[in-house]
Amino acid sequence: MTSAENNYDKANEVQEFGRVSLLDIFGFESFEVNRFEQLCINYANEKLQQLYTLDTFRSVQEEYEDEDIELESVTFPDNASVLRLVEGRVGVIALLNEECVRPNGNDETFVSKVCLVNKDNPDMLQGRLFRPYEFAINHYAGTVKYDARMFVHKNTDNISSNLLDLACKSSNELISVELKAAADARLAKPSGGRKKKGQSTTVATKFRSQLTALMNSISETRTRYVRCIKPNPEKLPVRLNLLSTAEQLRCAGVLSAIAISRAAFPTRLHHEDFIERFDFLSSARFGDDEDEKKVEAGEGNSSSRAYVEKVVLDILGDDTTVKEEGQELTAYACGKTRVYFRSGVLEQFEAKRAAALSTHVITMQRYARGYLERSHFQKVKASVIAIQATMRRYNRRKLFLRILQAAINISCWVRCIYAKKLLIRLRKYKAATIIQK
């Protein structure tokens, strides 16, 4: 029953409602002492991690198919061996159920059987210093040592008849109704005879069945994953504990998902981003302006794909292959809307871009320095000319004043001479006049 069926007025007219579900689970658990509860929680996390890994690989595969790129064989971490160890025919759950129905079954015998039957499984660990009731499983997030004491008792799932009768008489409807069904189921079972192996109702069996039903339900939906990371154990703001954060990412399976997405072509760029960033490194150009506008608009048509491939080839030159694990692989793949690069190839592009930008920057700096030096030279030249003009004016004025003074002195002496001559002539004239009288 969904919320829409309860609250929608015209629910009877709808044949089938959609469903939006939120699954909030415990994270991977590893304590100093790990009990039956931790085994169940980690088992559920293993199943969800397998689904998460397959979803990630499937999303990468779909992306490559949409981009019309051939996906080569991709290896990624698979936890199938751990799941076989836990839920297989001779796995932990099966042997634990067998120990629960066996007379005088105990935890140490269960551990001994598990370690003996699964000794060839690399994820089953039994240390020399382990106690008889201890074993370890190598989970995807790390190795966990389990304390098997009370495993058989907790897995039996026997509720006392007196407790069931008391719960059925409870005034709380949730308790009375739910446990009444359990009491009726117990009464319906035959009193005599031994349980068959397929009729086991242990906690582990119920948990596995519910988990299988949950996984089937999830596989029919479009799944979205939300990973919550605690930045620091102290829960303080603006503080990031790198070791704790990295450990949470590893336990959440994020690192394995990143490894899958980076398996074939770790780096990718949209056509328009690639052209905007690396176009100036190539001499190739578009045939017309219309195609260029389409690429800049992000439409990613066939002409842009051909142009991007032409630019990549022009930049790479002869280095179109890279060596990975002794194999010669193509350094790039050009899709419909993205261009993909092998590990280290984009770094080569960035290095060439940095070198080209450095050359251009040096050229710009040269022109800028030239302009500044020329401007400074012009100012210095103008100042020197002004100083020279002032000095020349000063010197010419000084020379002029000396010449003027000399001219005045010369003219003064000349006038004196003429005046003296005139004085002598006048004296002679006066003396002659006196004599004549």
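Residues numbered from 1 in each chain as written. Predicted model: local features only at pLDDT ≥ 70, side-chain atom pairs only at ≥ 80, totals over all residues. Heavy atoms only, no water.

Student: Tell me about the pattern of salt bridges, and please be specific about residues and values.
Tutor: With the rule as written, the count across this model stands at 16 salt bridges. The closest approach of N and O atoms between Asp68 and Arg305, which form a salt bridge, is 3.8 Å. Within this pair, whereas Asp68 is found in the loop between α2 (36-66) and α3 (80-87), its partner Arg305 is found in helix α14 (residues 302-316), the two being separated by 237 residues in sequence. The class for Arg305 is partly exposed, based on a relative accessible area of 21%. Where Glu98 meets Lys113, a salt bridge forms, and the shortest distance between an N and an O atom there is 3.7 Å. Highlighted residues: Glu98 in helix α4 (residues 92-101) and Lys113 in helix α5 (residues 107-117), separated in sequence by 15 residues. The class of Glu98 is partly exposed, set by a relative accessible area of 35%. A relative accessible area of 24% places Lys113 in the partly exposed class. Linked through salt bridges whose partners overlap, the residues forming this network are Glu63, Glu67, Arg268 and Arg338. (Salt bridge = Lys/Arg side-chain N within 4 Å of Asp/Glu carboxyl O. Helix = DSSP H or I, 4+ residues; strand = E, 2+ residues; numbered from the N terminus. Buried < 20%, exposed > 50% of the residue type's maximum accessible area, 1.4 Å probe, protein only.)

Student: Give me the lowdown on the packing of aromatic side chains, citing residues and values where you can.
Tutor: Under the defined criterion, the tally for this structure stands at 16 aromatic pairs. Relative to Tyr140, the ring of Phe28 has its centre 5.9 Å away and its plane inclined at 65°; by these criteria the two rings are edge-to-face. Placement of the pair is Phe28 in the loop between α1 (3-7) and α2 and Tyr140 in the loop between β2 (134-139) and β3 (142-147), with a sequence separation of 112 residues. For Tyr140, a relative accessible area of 22% gives the class partly exposed. These aromatic residues form a ring-pair network of at least three members: Phe36, Phe110, Phe135, Tyr146 and Phe151. (Phe/Tyr/Trp six-rings, centres within 6.5 Å; stacked < 30°, edge-to-face > 60°.)

Keep in mind these values describe shape, not function.
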